[in-house]
There are 2 protein chains.
Amino acid sequence: MAAAEGQWVLMATGRTPTNIAVIKYWGKRDEALILPINDSISVTLDPDHLSATTTVAVSPSFPSDRMWLNGKEISLLGGRFQSCLREIRKRARDFEDKEKGVKIKKEDWDKLHVHIASYNNFPTAAGLASSAAGLACFVFTLGKLMNVKEDYGELSSIARQGSGSACRSIYGGFVKWCMGEKDDGSDSIAVQLADETHWNDLVIIIAVVSSKQKETSSTSGMRDSVETSPLLQYRAQTVVPGRVLKMEEAIKNRDFESFAKLTCADSNQFHAVCLDTSPPIFYMNDTSHRIISLVEKWNHSEGTPQVAYTFDAGPNAVLIAQNRKTAAHFLQKLLYYFPPQDNDLSSYLVGDKSILGDAGLHSMKDVEALPAPPDTKIPDQKFKGDVSYFICSRLGAGPKVVVDEGQALIDSVTGLPKGV
Amino acid sequence: MAAAEGQWVLMATGRTPTNIAVIKYWGKRDEALILPINDSISVTLDPDHLSATTTVAVSPSFPSDRMWLNGKEISLLGGRFQSCLREIRKRARDFEDKEKGVKIKKEDWDKLHVHIASYNNFPTAAGLASSAAGLACFVFTLGKLMNVKEDYGELSSIARQGSGSACRSIYGGFVKWCMGEKDDGSDSIAVQLADETHWNDLVIIIAVVSSKQKETSSTSGMRDSVETSPLLQYRAQTVVPGRVLKMEEAIKNRDFESFAKLTCADSNQFHAVCLDTSPPIFYMNDTSHRIISLVEKWNHSEGTPQVAYTFDAGPNAVLIAQNRKTAAHFLQKLLYYFPPQDNDLSSYLVGDKSILGDAGLHSMKDVEALPAPPDTKIPDQKFKGDVSYFICSRLGAGPKVVVDEGQALIDSVTGLPKGV
C-alpha cells in the first residue's frame, strides 16, 4: 500500500434492483452453500422504485469491518455476509488510483477492513425481497471496489451464498437461477433470459398488505418444508422442470396468457407446499385471498388473463398487468375494494404515480365515485385499511455503479455513514 | 298390496350421525358412481349433537315422490337422491304388517311413491357435513322401510352414490372408506375400524367460524382439483396409502400422538391441494389459521400433541382433544382468544355443555377473568366475533331406527310433514 497509511478512504457505490420470482425458489439441497432443489425464474423490478444502494469503503484507518443498514449499525458476523466478503476478497486484484496516490496489491486487500452502508428505497420489513437486493448490491459493489473482474455469472454465484434469491438481482429483465448439479455449487448461477426492453409493456403493481401476524422467515420456512412436506420434492423434481421450460417459452414469445397462468399456478403451488409443511406456514391472509379472487374473476370474465399475481413469503401481492391500459383498469378495481384508510391518495400509490392519471383517478373524489366492478362478483363490500399502500413499477435493469460521489452513503473523509 | 288402497301410510324413522374425515377424501375417479381416488378415514360424531333424523313414508295415496328438508320442500329430482332411491327399491323385499293389514310384495314397491322428511339437529349451512348425515339417513331409513336385508357394507355403497362421505356415516366410531378397484364401484364401501367405545376419552370441539366469503362447493371444488392440481394425484397415490395404514395403527393402539400428527398433516395437505387448484380454492380463513397456530403452539410447548385439528370444505375447525382434562384446558384458551360477541356464554357453547364446568367457566365473568395463555405466544389480541359458536361433542354410534312414532317427522294420517 502506498500513500501515507490511514490518510485515505477508497469507496465504491452501487445500486441493485430487487426481483420477484414467477417460478418460485423454495427449498435448499445445501444449507451452507445455498443450493436450491429446483430452477427458478424472476423478473427484475425497476431500481427507481425498489432497489438497494450500497457504499463500500476501505481504509487502513478502519480497525474492523462494520456495516450500517438504513442508517443503523448491524452485525456483519452472520455467515451470509462473511461468505460474500471472503469470496470477493479471494478474487480481489491489484488496484491503483494515481490521483489519490493509492496502490493496493492483490494480497493487501485481506489486510484492509471494510465499512459498508446500505439503504433500501422501499420498506425493509414489508417482505419485498429486500435481502435479495441488499446482498446482491453488497457483492456487486464490493467487487467493483476490489477490482474483481469475474463475469456476472460468477458474481451471481457469490451473491447466492449471501441470500439465495440475491443471485437473480445481478441482472435486469428476466432471469433464471439454474440450480446446478455440482456439489461445490459453482454451476448454481443466474443467467439472463431477456433484458428489460424485451417485454416492456408489462406493468407491475404491488399491494403492500397490512398484516398483524408475525411471519415465518423464508430461511426457516423452507428448511421446515424440506424436512416435513411430502409434496415439496414432487413439486421440485416433477412439476417445476416442465414449468421452467414453458415459462422460458412464454417469455421468449411475450405470450402473456401462458406467462400469467404459469405465474399464478406456481405462486399457488409454493403456498400449497407451505401449507403442507408441519407446522403449516401461512404467508397469505384473507386480504391476499381477496386480491386473488379479484384477479381470477376478472381474468375469467375476460376469457383470457389480464393480470398475473404472485406472492412471496408474506401477504403482499405482486400483480403483473399485460399493459398500461389493463393496469389502469385493474387499479380502478383495486381502489374500489381497497380504498386508502386515511383518504390520502398521493401517499397511497407510490412509484410510477402517472398510472393514477391513466386510471382517471386524480383525487379521492374520483376514487369514491368508482362504480362497483360488475365482472368480479365479490359481495359489494369494501376493505378499507386492508392494503397499506400500492407501488406501481415496471421491469428494470440490473446493478449499476453510482459514479456521483454525492450519492455515496459514506463520508469520504470520516469513512462513516453520512449523517450518522 | 292388501288393505283398502289409499287407506294407509307406512313409515319408518331413522337417525344417522355426521362424520368428520381425519384422512381426507378429495377427488373422484368416477363422477357418476362417486368413486374416490383414495381411501379415507373418519370419526363418527355423537348423534345427540350432530345428526340427521329422517322419516320415510309410502302410501298408495301419494301421487308423487316428495321431500322436505328442515320443513322446507326440496326437489328430489337430483341424480343423488334418484340413485339412492333406485338402488334401495331394487333391493326391496316382501313386507307384511298384519296389524295394519298391509302387505307389500317385492315388486309392488316400485309402484309406491315416497314422502321423505329430514331434519338436521345442527345448522345445515355451517359446513358440517350435513349432506353426509342426510344422505346416509335417507338410505338407512328407506332400507328399513322397504325391508332391505343387505348388510351395512352394501348400504354404505348406496349412500356413497348419494354423497361420497355419506357412506362413512353408516357406522359409529372409526370408519374407513375403501376406495375399491372395480369399475362398477361395488367394492367402494365403508368398513368400521373400531366402534365408539374403543377410544372413548376423545373429546371433540367444533369451532363454527364466521365467514363472509361464499364457499366453493366440495363437489365442484374436487372436480377442479382433479382437473388442474398437479399435486393431487401424487397425494392420492403416494402419500395417502401410507397415512391410511399409519392411521389404522394409531386408532388400534389409541396412540394419540400419531393420530394427531396424521390428522393435522392430512387436513393441511387437503387444503394445500385446494390451493394448488386453478383457480385456487380457499376454505380456511384468517380465523382458521389462528386456531391452527393456537393448537400448534400449545402442542409444541407441551412437547407432545394435546389437540388435533381438521378442517373440511369450510373455515370451521374440528378439534379433537386427547381427553376431557385437555379439552377443558384447551377450551379456556379458545374462549380467551375468541370470546362470545354478545357476551352470552350459554348459547356460545352447545352440545355437551358440561365441559364449561370442567373448564371452570360458569359465567361470562369467568371468561373475562381468563389469563392470557403463556405458552401460545400469539400477540395479546382477542378476536371477538370471529367464532360464531362452539359445539362440544364426542365419538358416537351409527344409524338407529327411531321406534317412538311421536318422533316421526311425518304425520301418519296425512302423510305430510308434521306442522307443515
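Residues numbered from 1 in each chain as written. Chains lettered and ligands numbered in written order. Predicted model: local features only at pLDDT ≥ 70, side-chain atom pairs only at ≥ 80, totals over all residues. Heavy atoms only, no water.

Things to note about the nonpolar core
Reasoning step 1: If you look at the biggest cluster of nonpolar residues, it comprises 151 residues, and the most contacted ones within it are F259 of chain A together with F259 of chain B.
Reasoning step 2: Contact partners of F259 of chain B, with chain neighbours within four places excluded, come to V22, V43, F174, W199, M247, A250, I251 and I320 of chain B. (Core = buried A, V, L, I, M, F, W, Y, C linked by side-chain atoms within 4.5 Å. Buried < 20%, exposed > 50% of the residue type's maximum accessible area, 1.4 Å probe, protein only. Contact = heavy atoms within 4.5 Å.)

As for the pairing of strand β1 (residues 10–17) of chain B
Note on strand geometry: in a regular strand, side chains alternate between the two faces of the sheet.
All names here are of chain B.
Reasoning step 1: Along β1, seven of the eight residues are buried, which leaves the element largely enclosed by surrounding structure.
Reasoning step 2: Pairing of β1 with strand β6 (residues 51–59) involves eight bridges; the strand directions are antiparallel. Residue pairing for β6: P17 is matched across the bridge by S51.
Reasoning step 3: The sheet contact formed by β1 and strand β19 (residues 400–401) spans two bridges and is antiparallel. When the bridges of β19 are listed, G14 appears paired with V401. (Helix = DSSP H or I, 4+ residues; strand = E, 2+ residues; numbered from the N terminus. Pairing = 2+ DSSP bridges.)

Focus: the interface of chain B and chain A
Reasoning step 1: Between chain B and chain A, the contact holds 27 residues from the first and 27 residues from the second.
Reasoning step 2: Summed over both partners, the interface of chain B with chain A comes to about 2500 Å²; 64% of that surface belongs to carbon and sulfur atoms.
Reasoning step 3: Of all residues in chain B, L231, L275 and F282 of chain B bury the most surface against chain A, accounting for 22% of the area lost on that side.
Reasoning step 4: The interface formed by chain B and chain A holds zero salt bridges in total.
Reasoning step 5: Applying the counting rule to chain B against chain A returns three residue pairs in polar contact (both at pLDDT 80 or more).
Reasoning step 6: Breaking the side of chain B that touches chain A down by element, the ones donating at least two residues are α5 (232–252), α6 (256–275) and α7 (286–302) of chain B.
Reasoning step 7: Considering only residue class, the side of chain B that touches chain A consists of 13 nonpolar, seven polar and seven charged. (Buried area = accessible area lost by both parts, 1.4 Å probe. Salt bridge = Lys/Arg side-chain N within 4 Å of Asp/Glu carboxyl O. Polar contact = N/O pair within 3.5 Å; in protein donor to acceptor, adjacent residues only side chain to side chain. Nonpolar A, V, L, I, M, F, W, Y, C, P; charged D, E, K, R; others polar.)

Comments concerning the domain arrangement of chain A
Residues and elements named next belong to chain A.
Reasoning step 1: In terms of domain boundaries, chain A breaks down into domain 1 (10–197 + 403–407) and domain 2 (203–393).
Reasoning step 2: Taken over C-alpha atoms, the centre of domain 1 sits 28 Å from the centre of domain 2.
Reasoning step 3: Listed as interface residues are 28 residues of domain 1 and, on the opposing side, 42 residues of domain 2.
Reasoning step 4: Seen at the junction of domain 1 and domain 2, the total is three salt bridges.
Reasoning step 5: Taking the shortest distance from any N to any O, the salt bridge between E31 and R223 comes out at 3.5 Å.
Reasoning step 6: At the junction of domain 1 with domain 2, the criterion picks out nine residue pairs in polar contact (both at pLDDT 80 or more).
Reasoning step 7: Mapped by element, the contributors of at least two residues to the side of domain 1 that touches domain 2 are β2 (19–23), β5 (40–44), β12 (174–177) and β13 (190–194).
Reasoning step 8: Broken down by element, the side of domain 1 that touches domain 2 gets its largest block of residues, four residues, from β2.
Reasoning step 9: Residues of the side of domain 1 that touches domain 2, tallied by class, amount to 17 nonpolar, four polar and seven charged. (Domains from an automatic or database assignment.)

Quick notes on the sheet that holds β2 of chain A
All names here are of chain A.
Reasoning step 1: Spatial ordering of the open sheet is given by β2-β5-β12-β13, a layout of four strands whose pairing is antiparallel. Either end of the sheet is taken by a strand with one partner, and the two such strands are β2 and β13. Between one strand axis and the next, the sheet turns by 35 degrees as a mean value, whatever way the strands run.
Reasoning step 2: Where β2 and β5 come together, four bridges link them in antiparallel fashion. Residue N19 lies in a different strand from β5, and its bridge partner there is T44. (Axes fitted to C-alpha atoms, helices over the stretch in contact; angles between N-to-C directions.)

Observations concerning the packing of aromatic side chains
Reasoning step 1: Scanning the model with the defined rule gives 37 aromatic pairs over all chains in all.
Reasoning step 2: Look at W199 of chain B and F259 of chain B: their rings are 5.3 Å apart centre to centre, the planes differ by 65 degrees, and that puts the pair in the edge-to-face class. Placement of W199 of chain B in the loop between β13 (190–194) and β14 (203–209) and of F259 of chain B in helix α6 is noted, with a sequence separation of 60 residues between them. In this pair, the class of W199 of chain B matches that of F259 of chain B, namely buried.
Reasoning step 3: Consider the rings of W298 of chain B and F330 of chain B, whose centres lie 5.7 Å apart with planes at 10 degrees: the pair is stacked. Here the residue W298 of chain B occupies a position in helix α7, and F330 of chain B occupies one in helix α8 (residues 324–337), the gap between them amounting to 32 residues.
Reasoning step 4: The exposure class of W298 of chain B is buried, given its relative accessible area of 1%.
Reasoning step 5: A residue is classified by how much of its surface remains accessible, and F330 of chain B, at 1% relative accessible area, is buried.
Reasoning step 6: What links up through ring pairs into an aromatic cluster is the set F174, W199, F256 and F259 of chain A. (Phe/Tyr/Trp six-rings, centres within 6.5 Å; stacked < 30°, edge-to-face > 60°.)

Describing the environment of T216 of chain B
All names here are of chain B.
Reasoning step 1: Along the chain, T216 turns up in the loop between β14 and α4 (218–228).
Reasoning step 2: For the pair formed by T216 and Q233, sequence separation is 17 residues and the distance between their alpha carbons is 21 Å.
Reasoning step 3: Contacts of T216, omitting those with residues within four sequence positions, involve G221, I281 and Y283.

Side note on helix α8 (residues 324–337) of chain A
Residue and element names in this part refer to chain A.
Reasoning step 1: Taking 1.5 Å as the rise per residue, α8 with 14 residues should run 20 Å; its terminal C-alpha atoms sit 20 Å apart, in good agreement.
Reasoning step 2: Counting buried positions along α8 yields ten of 14 residues, so the element is predominantly enclosed.
Reasoning step 3: Along α8, the positions that sit buried rather than exposed are T326, A327, A328, F330, L331, K333, L334, L335, Y336 and Y337.
Reasoning step 4: The N-cap of α8, judged by a side-chain oxygen 3.1 Å from the amide nitrogen of K325 a few residues on, is N323. (Expected span 1.5 Å × (residues − 1).)

Details of empty space enclosed by the protein
Reasoning step 1: Applying the stated criterion across every chain yields a total of three cavities of 30 Å³ or more.
Reasoning step 2: Quantified by volume, the largest cavity comes out at close to 140 Å³.
Reasoning step 3: Listing elements by their share of the lining of the largest cavity, those giving two or more residues are α6 (256–275) of chain A together with α6 of chain B.
Reasoning step 4: Considering every element that reaches the lining of the largest cavity, the biggest residue donor is α6 of chain B, with three residues.
Reasoning step 5: Looking at side-chain class alone, the lining of the largest cavity contains eleven nonpolar, four polar and no charged residues. (1 Å grid on protein atoms, 1.4 Å probe; cavity = no way out; pocket = protein on both sides within 12 Å on 5 of 7 lines; lining within 4 Å. Points joined across faces, edges and corners; volume = space filled by probe spheres on them.)

Brief notes about the relation of the copies chain B and chain A
Reasoning step 1: Laying chain B over chain A is done by rotating through 180 degrees and shifting 0.0 Å along the axis; what remains is an RMSD of 0.0 Å. Classification of the inter-copy transformation places it as that of a two-fold axis. Relative to the rotation axis, the closest C-alpha in chain B is found at A272 of chain B, a distance of 2.0 Å.
Reasoning step 2: Same-surface contact between copies: 100% of interface residues of chain B are shared with the interface of chain A. (Least-squares fit on C-alpha atoms with pLDDT ≥ 70 in both.)

Things to note about the pattern of salt bridges
Reasoning step 1: Under the counting rule described, the total for this entry stands at 40 salt bridges over all chains.
Reasoning step 2: The salt bridge involving D312 of chain B is made with K24 of chain B; its shortest N-O contact spans 2.6 Å. Residue D312 of chain B is found in the loop between β15 (307–310) and β16 (317–321), and its partner K24 of chain B is found in the loop between β2 (19–23) and β3 (28–30); the two are separated by 288 residues along the sequence.
Reasoning step 3: A residue is classified by how much of its surface remains accessible, and K24 of chain B, at 2% relative accessible area, is buried.
Reasoning step 4: Residue E73 of chain B pairs with R66 of chain B through a salt bridge whose shortest N-O separation is 2.7 Å.
Reasoning step 5: A relative accessible area of 29% means that R66 of chain B is categorised as partly exposed.
Reasoning step 6: Connected through salt bridges with shared partners, the residues D46, R324, D352, D358 and R394 of chain A form a single ionic network.

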